[in-house]
Amino acid sequence: MSRFYARYSSWAGLRTSMGKRMSFFITHGLRRALRSKWAILVLVITYGLIVMPRVFAAMNPFFAFDPLSYFSLYDEMQLFIMLYAAVIGAGIIASDFNDKSIVLYFTKGFSKAGYAFGKLSVLFLSFSLVTILPLIVIFAVALISSDLGLDLIRDNIWVLAAGLSLGLLVTLLLTTLTAGLSSLLGDVRYAGASIFAIFFLSRLVSEILLSINGNEHMKLISLWDNLSAVGTYLFRLDNPYGFPQLYPFLVIVGIIALSSLAVYYILFKKELSL
Amino acid sequence: MSVVEAESLSKWYGEIIGLNSFTAKMGHGITGLVGPNGAGKTTLIRLLSGMIKQGKGDLKVLGMRPFNNPELSSMIGYCPDHENLYFRMKPLTFLHYMARLNGLGTEECRKRSERCLSIVGLSGENRPIGTFSKGMKQRIKIAQALLNDPKLLILDEPFTGVDPVVRANLMDIIRDLSHQGIDVVISSHILYDIERLADDVLLMNDGKMLLSGKIGEIVDIVEDYTHSIIINTSSARTLGSRLFEEGLVDIVDVRSPNELFVRTRDPNSLYDFLPRAVLDEGIAIEKLTPIENDLQSIFERVVGK
């Protein structure tokens, strides 16, 4: 048989640094995640229905730096944040298991730690668009709309810090939880459904148990109530819960730790016998 | 230095044994792993590529332990048996992505991706990978394995499901890669393919290695036991009876009026007798096909099938 293909030749070029490779991996992952039509839809709805009205409200000096206004932003956005997490996060690792392409990363000199860091970074940055960016935008508009006096900034900067802290906690929780479920379940559909279900089911179970025995601690079962409870502490609001706000914080930290452990186990300890 | 050194390598999947005290050394060139499904070939390939870890024993690939070893994996080109491709991507985009992950700069990566595509004969293909035939997907998998300029290429069943033309093309490519200095470990249950490609062969069954060595050496070992021939003759039944009467054969199988299969422990006497049968008894023999050099017969004999 006659041969018409090119012949193999050794490649003598230099390799780029791991930092550049990682940067490419993350930006490529971000582009891929944000190109999803569902992700775009959820973003448009979230910004259109919730963030933009808040931006206009922030122009009113009366509401501009009101802690309750910033705190309630997260409560209003929770449905969309969950949807967004399911849309973006479900396939982050599961899709690489589904199409068995995960093997390709590890045969390109890419370490498992690098892979995990890259995937978690993609999730963190994607989720920041709905958990941290709206707060920054609203705060910036509030500042610009005010007289921009140093005193005003000094007096209210803690509101931004509180919002950023809560946003960071929500983002970390979502990042690790979705990555954990995505890697544990290894199936995009199941992972998506379970991300959504965990928030709703935990709230439903908590409500049912609360109505049965009236014990306020039952709210610790609900993921979102835990975040809200921590939020009330950060925004210096009255504690409406019948337990110290440290408890929900510990619950959230526990879930973050468990989810991280799941990612670690699946990627580092489990063999890739696809 | 051996390319692969395995010492008492064992791997269990629960209670199922994938590899059982497997000891082998693989040298430079093309090494073929041959065995039926469940022989342990894929387990061995996954151990070599660092995807899984052995339960017992020691394994070194290019002098390094392969499990979770990014340094080693950057020297290996791995082509798994499954289709681990992004089906929505076009071939060049896919290779470009893989090359960037492998640390090639933007311009280098474009050149290298195009080069690897042309090596496997897929230059100019601009459809999504999902629309490709099995053979084209196999070629893409080989192309991605070449991106990182591997010292060792590990190919798991690369000929599965491809037509004879593609098979021949792939063999051509693999031979060429070997000539360029890349060591190749290739597994297949299609023995015909391995026989024509590999310098060294490892016969595996039930997670164990049955035989290893140069193909010629294996034939020599097996020749001590039995020898099989297909004889195309004008009178298969008559010739079969005569050979049996003379005590020259252990097995006679008249496959058709013109084709006779025989197995003997004394091939020299058999070959001495056949010309006499032609001259003295007027039995025409059109063709003798000794199948000792065919890996299939060696494998079947060693496995005892």
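What counts and what doesn't
- Residues numbered from 1 in each chain as written.
- Chains lettered and ligands numbered in written order.
- Predicted model: local features only at pLDDT ≥ 70, side-chain atom pairs only at ≥ 80, totals over all residues.
- Heavy atoms only, no water.
- Domains from an automatic or database assignment.
- Contact = heavy atoms within 4.5 Å.
- Buried area = accessible area lost by both parts, 1.4 Å probe.
- Salt bridge = Lys/Arg side-chain N within 4 Å of Asp/Glu carboxyl O.
- Polar contact = N/O pair within 3.5 Å; in protein donor to acceptor, adjacent residues only side chain to side chain.
- Helix = DSSP H or I, 4+ residues; strand = E, 2+ residues; numbered from the N terminus.
- Nonpolar A, V, L, I, M, F, W, Y, C, P; charged D, E, K, R; others polar.
- Expected span 1.5 Å × (residues − 1).
- Buried < 20%, exposed > 50% of the residue type's maximum accessible area, 1.4 Å probe, protein only.

Below, the discussion takes up the domain arrangement of chain B. On domain assignment, one finds that chain B holds domain 1 (4-213) and domain 2 (225-303). Spacing between the C-alpha centres of domain 1 of chain B and domain 2 of chain B amounts to 40 Å.

This brings us to the interface of chain A and chain B. Each partner contributes residues to the interface: chain A has 37 residues there, and chain B has 50 residues. Across the chain A to chain B interface the summed buried area is about 4,200 Å²; carbon plus sulfur atoms make up 55%. For the interface between chain A and chain B, the tally reads zero salt bridges. At the surface where chain A touches chain B, the tally comes to five residue pairs in polar contact (both at pLDDT 80 or more). Among the elements that line the side of chain A that touches chain B, the one with the most residues is helix α1 (residues 18-34) of chain A, at five residues. Grouping the amino acids of the side of chain A that touches chain B by side-chain chemistry returns 16 nonpolar, 10 polar and 11 charged.

In this section: helix α7 (residues 133-145) of chain A. Residue and element names in this part refer to chain A. Taking 1.5 Å of rise per residue, 13 residues should cover 18 Å, and α7 covers 18 Å from first to last C-alpha, within 8% of that figure. Three or more residues of α7 are buried, namely Pro134, Leu135, Ile138, Phe139, Val141, Ala142 and Leu143. Close packing links the buried residues of α7 with α2 (37-58), α3 (67-89), α6 (112-131) and α8 (150-185).

The next point concerns unusual backbone geometry. A positive phi angle is found at Arg236(A), which is not glycine, with a value near 55°. Mapped onto the secondary structure, Arg236(A) falls in the loop between α10 (223-234) and α11 (246-269). One non-glycine residue, Glu157(B), lies in positive phi territory at about 50°. Within the secondary structure layout, Glu157(B) lies in the loop between β6 (152-156) and α6 (164-179).

Residue and element names in this part refer to chain A. Mapped onto the fold, Met82 is located in helix α3. Separated by 142 residues in the primary sequence, Met82 and Trp224 have C-alpha atoms spaced 10.0 Å apart. If we ignore the near neighbours within four places in the chain, the residues touching Met82 are Ile195, Phe196, Phe199 and Phe200.

Here the focus is the side chain of Ser69(A). Inspection of the secondary structure puts Ser69(A) in helix α3. Excluding anything up to four places from it in sequence, Ser69(A) contacts Arg54(A) and Phe63(A).

Residues and elements named next belong to chain B. Counted under the stated rule, the structure contains 15 salt bridges over all chains. For Glu245, the salt bridge goes to Arg242, with nearest N and O atoms at 3.1 Å. Linking Glu245 with Arg242, this pair stays in helix α9 (residues 236-245), spanning three residues, or about one helical turn. Residue Glu245 is classed as exposed on the basis of its relative accessible area of 60%. Within this structure, Glu107, Arg110 and Glu114 form a network of salt bridges that share partners.

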